[in-house]
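# Secondary and tertiary structure notes
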Amino acid sequence: MNIQWYPGHMTKAKRAMKEDLKLIDLIIELVDARAPLASRNPDIDELGKGKARVIVLNKSDLADERYNDAWASWFTAQGYHVIRANSRTGAGVRQVMSAVQEACREKIERDRKRGIKNRPIRAMVAGIPNVGKSTFINSFVGKASAKTGNKPGVTRGNQWIRMNASLELLDTPGILWPKFEDPQAGLFLAMIGSIHDEILNRSELAVELLALLIRSYPAALRERYQMEEQQDLSWVASSVCDNKSAATALLSHIARIRGCLMKGGEPDDMRAALLVIDDFRSGRLGRITLECPAGFADGRREGS
């Protein structure tokens, strides 16, 4: 699948972000812990040169814990301050304040030497669509300050939110970049829900997702879809990454066992596809990570 999505409002949002960067001290960038590299907008790195940075591995409760550790170490090695968080429950969110203070330590000391007191740190909260920025802000601030929704494009304009006397947050719309040079990045963004489902072929997307899960999380498939322990998925071609017919067969199998049938008893692959995608996004398939850092090779896509 070659997925591209860059609606017009994102160009305007990017221009606004560029203007606001001169007002801020720090960028708090949220990424989806299930695909930390694919869910990073390279434009934010370009726009944010010279700014202090904190990376929040959001939705870490949905990601494989061993990869949470690996990605936290990877980002730390790149010079970022890293926090793992679950914005829905608030887990890890309070640690962000310490990371902000540490990231802005030089700025705080510089202000002190200049006799500037009580000037709050101004932080931009940035990230791609549906990564959880507004939910994070509401959890961080402790009240419903930002509009939330489980789909991309809910936040359309920039909004300043006062955290306390020492920190102000700028909520920004989720923006992508104009073209995904790596088709796999677009595919992962579609899987995690950062691209509008209406433009996607969800049957194809489910097949791509199942192909990855067969290779990396077969036990999760067996448990979720009532497959017998002896069904080791050996009936699925080992070259599933190159041949999607095996994953297509598995999708039809899921349709049958879940009662997704059309008239005449034929499997309704579209209904089954929606079920599989929702099971992944909601965490009902278990904790799954789609990509791993470079040097953590396990047969899946590596970040560079």
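This text gives an overview of the structure that appears in the document.

The rules behind each value
Residues numbered from 1 in each chain as written. Predicted model: local features only at pLDDT ≥ 70, side-chain atom pairs only at ≥ 80, totals over all residues. Heavy atoms only, no water. Phe/Tyr/Trp six-rings, centres within 6.5 Å; stacked < 30°, edge-to-face > 60°. Buried < 20%, exposed > 50% of the residue type's maximum accessible area, 1.4 Å probe, protein only. Lys NZ or Arg CZ within 6 Å of the ring centre and 35° of its normal. Helix = DSSP H or I, 4+ residues; strand = E, 2+ residues; numbered from the N terminus. Polar contact = N/O pair within 3.5 Å; in protein donor to acceptor, adjacent residues only side chain to side chain. Salt bridge = Lys/Arg side-chain N within 4 Å of Asp/Glu carboxyl O.

Another point: the packing of aromatic side chains. Counting across every chain of the model gives 6 aromatic pairs. Ring centres of W74 and F75 lie 4.9 Å apart, and the angle between their planes is 85 degrees; on these two criteria the pair is classed as edge-to-face. Each member of the pair W74 and F75 is classed as buried. Sitting over the ring of W160, R122 keeps its end group 4.5 Å from the ring centre.

Another aspect to go through is the side chain of R40. Turning to its location among the elements, R40 is positioned in the loop between β1 (26-32) and α2 (42-47). One polar contact links R40 to Y80, side chain to side chain, over a distance of 3.4 Å.

A full pass over the atoms with the stated rule returns 24 salt bridges. Note that D45 is salt-bridged to R40, the shortest N-O span being 3.1 Å. With a relative accessible area of 28%, D45 lands in the partly exposed category. For R40, a relative accessible area of 11% puts it in the buried group. In this structure, the salt-bridge partner of E168 is R162, at a minimum N-O distance of 3.1 Å. Note on E168: relative accessible area 14%, which makes it buried. Through salt bridges with shared partners, a single ionic network connects D25, K107, D111 and R119.

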